[in-house]
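Close look at the chain arrangement
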Amino acid sequence: MSWLKLLRHDLGCGLVRWRYLLVPALVLFPCIACRSGAVLTAAPGTWMDYMLYCFKGAMPMNASSELVLALPTFWALAMAGCLLLNLDYLLSDLTQAGQQIIFRSGNRRGWYLSKCVWNLCSCGLYMTLICAAVLVFTLLSGGQASAQSTPEILEINFSELMTETALLTPGQGVIAAVLLPLMTLMALSMVQMTLCLLLKPILSFVASLAVLVLAVYCNLPWIPGTGAMVIRSGLLLPGGISPGMAALVAGGIILLSAGVGCLKFKYTDMLGLEE
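One structure accompanies this document, and this report is about it. (Residues numbered from 1 in each chain as written. Predicted model: local features only at pLDDT ≥ 70, side-chain atom pairs only at ≥ 80, totals over all residues. Heavy atoms only, no water.)

With that settled, the discussion passes to the overall build of the chain. Each helix and strand counted, the chain has 11 helices and zero strands in total. Counting from the amino terminus, the chain carries its helices and strands in the arrangement α-α-α-α-α-α-α-α-α-α-α. For the chain, the residues scored as buried account for 50% of the 275 residues in total. Restricting to contacts in the chain with at least 6 residues of sequence separation, those with at least 24 account for 78%. Within the structure as shown, the chain displays about 12,600 Å² of accessible surface, and the carbon and sulfur contribution to it stands at 70%. (Helix = DSSP H or I, 4+ residues; strand = E, 2+ residues; numbered from the N terminus. Buried < 20%, exposed > 50% of the residue type's maximum accessible area, 1.4 Å probe, protein only. Contact = heavy atoms within 4.5 Å. Areas by Shrake-Rupley, 256 points an atom, 1.4 Å probe, with all protein chains shown as cover.)

Given below as structure tokens:
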């Protein structure tokens, strides 16, 4: 069996699942909250305004005493939802037809690399569904399908910033609210899948959540998650997390996780994984 057939199997079985229909629900409440703020400005609001709010995040816990107990619930749900969505596919496929496919292909590394590609595609589909759901909400609420943020709404939604809020171009908005969260999701999801070779799936999920919690408390660019918070981005906040550094860290984690996972799976007892 060729590698392309392995990939076709994973994309067909791993992406066509009913659970993806639940993704739009994860951004419903942040969109409603953003709409409440937009009403105060009498501005219609744009797709970018809602996307920026969904992945707003929070300032570091030690940045202000007023934010000690403020957890970015909407951001955490949007990030953790993808991790939960991708949690079980590797092991469930292995327990169903995985061993037979590996035997026919004779390539353990190729089988795992196919799962890596599926993982990245799943994160891409997840973000696409979020963007589409936000767009539908924007249009239904009378907003505009534009990638340009509204200064008045931006000022209200990011009032925690002590400095004057910078204006974002459409390209900067896409980087801050779409591309960097997507790369972070890919990195954490790859780490989670690699950990599934070492730990129980639930423990792998908890470990990935712990990284998100760490990102809330810390503001270090090498911690995945900090660069996925719009409010900490150097595009919006002078001296904030560099988008380039955040993307570099996420890309490095993706490659490292894929390499470690391939090496580990090559010598892993598949019967032990099933248990």
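Moving on, there is more to tell.
Turning our attention to the packing of aromatic side chains. Following the criterion strictly, the structure yields five aromatic pairs and no others. Ring plane angle 50° and centroid distance 6.3 Å describe the contact between Tyr53 and Phe74, whose orientation is recorded as tilted. Of this pair, Tyr53 sits in helix α3 (residues 47–54) while Phe74 sits in helix α4 (residues 73–86), and the two are 21 residues apart along the sequence. Between Tyr89 and Trp118, the ring centres sit 4.6 Å apart and the planes meet at 40°, which makes this aromatic pair tilted. Taken as a pair, Tyr89 in helix α5 (residues 89–105) and Trp118 in helix α6 (residues 108–140) lie far apart in primary sequence, 29 residues in all. Relative accessible area serves as the criterion here: at 0%, Trp118 is assigned to the buried category. Connected via pairs of aromatic rings, a cluster forms that spans Trp111, Tyr112 and Phe265. The residue whose ring lies beneath Lys56 is Phe158, and the NZ or CZ to ring-centre distance is 5.7 Å. Over the ring of Trp111 we find Lys115; its NZ or CZ atom is 3.8 Å from the centre of that ring. (Phe/Tyr/Trp six-rings, centres within 6.5 Å; stacked < 30°, edge-to-face > 60°. Lys NZ or Arg CZ within 6 Å of the ring centre and 35° of its normal.)

Within the secondary structure layout, Thr194 lies in helix α8 (residues 170–195). The class for Thr194 is buried, based on a relative accessible area of 8%. Among residues more than four places away in sequence, those in contact with Thr194 are Tyr112, Ser257, Val260 and Gly261.

A word on the packing of α4 against α6. Between α4 and α6, the shortest axis-to-axis distance is 10 Å and the interhelical angle comes to 140°. Looking at the two axes, α4 sits oblique to α6. Crossing handedness for the pair α4 and α6: right-handed. Every residue of α6 that contacts α4 at Leu77, Ala78, Gly81, Cys82, Leu85 and Asn86 is listed here: Trp118, Asn119, Ser122, Cys123 and Tyr126. For the contact of α4 with α6, a count of residues per class yields seven nonpolar, four polar and no charged. (Axes fitted to C-alpha atoms, helices over the stretch in contact; angles between N-to-C directions. Parallel < 35°, antiparallel > 145°, perpendicular 65-115°, else oblique. Left-handed = near helix turned anticlockwise from the far one by under 90°. Nonpolar A, V, L, I, M, F, W, Y, C, P; charged D, E, K, R; others polar.)

We now examine α6. In this model α6 runs 48 Å from its N-terminal to its C-terminal C-alpha over 33 residues, within 8% of the 48 Å that 1.5 Å per residue would give. Positive backbone phi, approximately 85°, marks Gly142, located one or two places after α6. (Expected span 1.5 Å × (residues − 1).)

Using the criterion set out here, one finds two cavities of 30 Å³ or more in the structure. There is about 60 Å³ of room inside the largest cavity. For the lining of the largest cavity, the class distribution of residues is six nonpolar, four polar and no charged. Space inside the second largest cavity adds up to approximately 40 Å³. Broken down by element, the residue count for the lining of the second largest cavity peaks at three residues, all from α8. Taken together, the residues that form the lining of the second largest cavity break down as four nonpolar, four polar and no charged. (1 Å grid on protein atoms, 1.4 Å probe; cavity = no way out; pocket = protein on both sides within 12 Å on 5 of 7 lines; lining within 4 Å. Points joined across faces, edges and corners; volume = space filled by probe spheres on them.)

Ranked by size, the top nonpolar core spans 75 residues in total, and within it Met51, Phe55 and Val134 carry the most contacts. When contributions to this core are tallied by element, the ones reaching two or more residues are α2 (28–41), α3, α4, α5, α6, α8, α9 (201–217) and α10 (243–266). When near neighbours in sequence (up to four residues on either side) are disregarded, Val134 contacts Val27, Cys31, Trp47, Tyr50, Met51 and Cys54. (Core = buried A, V, L, I, M, F, W, Y, C linked by side-chain atoms within 4.5 Å.)

Moving on, we come to the pattern of salt bridges. Throughout the structure, instances matching the rule amount to four salt bridges. Asp93 serves as the salt-bridge partner of Lys115, at 3.1 Å between the closest nitrogen and oxygen. One end of the pair, Lys115, is in helix α6; the other, Asp93, is in helix α5, with 22 residues separating them in the sequence. A single salt-bridge network, built from bridges that share partners, covers Asp10, Asp93 and Lys115. (Salt bridge = Lys/Arg side-chain N within 4 Å of Asp/Glu carboxyl O.)

The next point concerns a nonpolar patch on the surface. A cluster of nonpolar residues, Leu198, Leu199, Ile202, Leu203 and Val206, forms a patch on the protein surface that exposes about 450 Å² of accessible area. Mapping Leu199 onto the fold places it in the loop between α8 and α9. Taking the relative accessible area as the measure of exposure, Leu199 reaches 37% and is therefore partly exposed. (Patch = residues over 30% accessible without salt bridge, like charges linked within 9 Å, V, L, I, M, F, W, Y side chains within 5 Å.)

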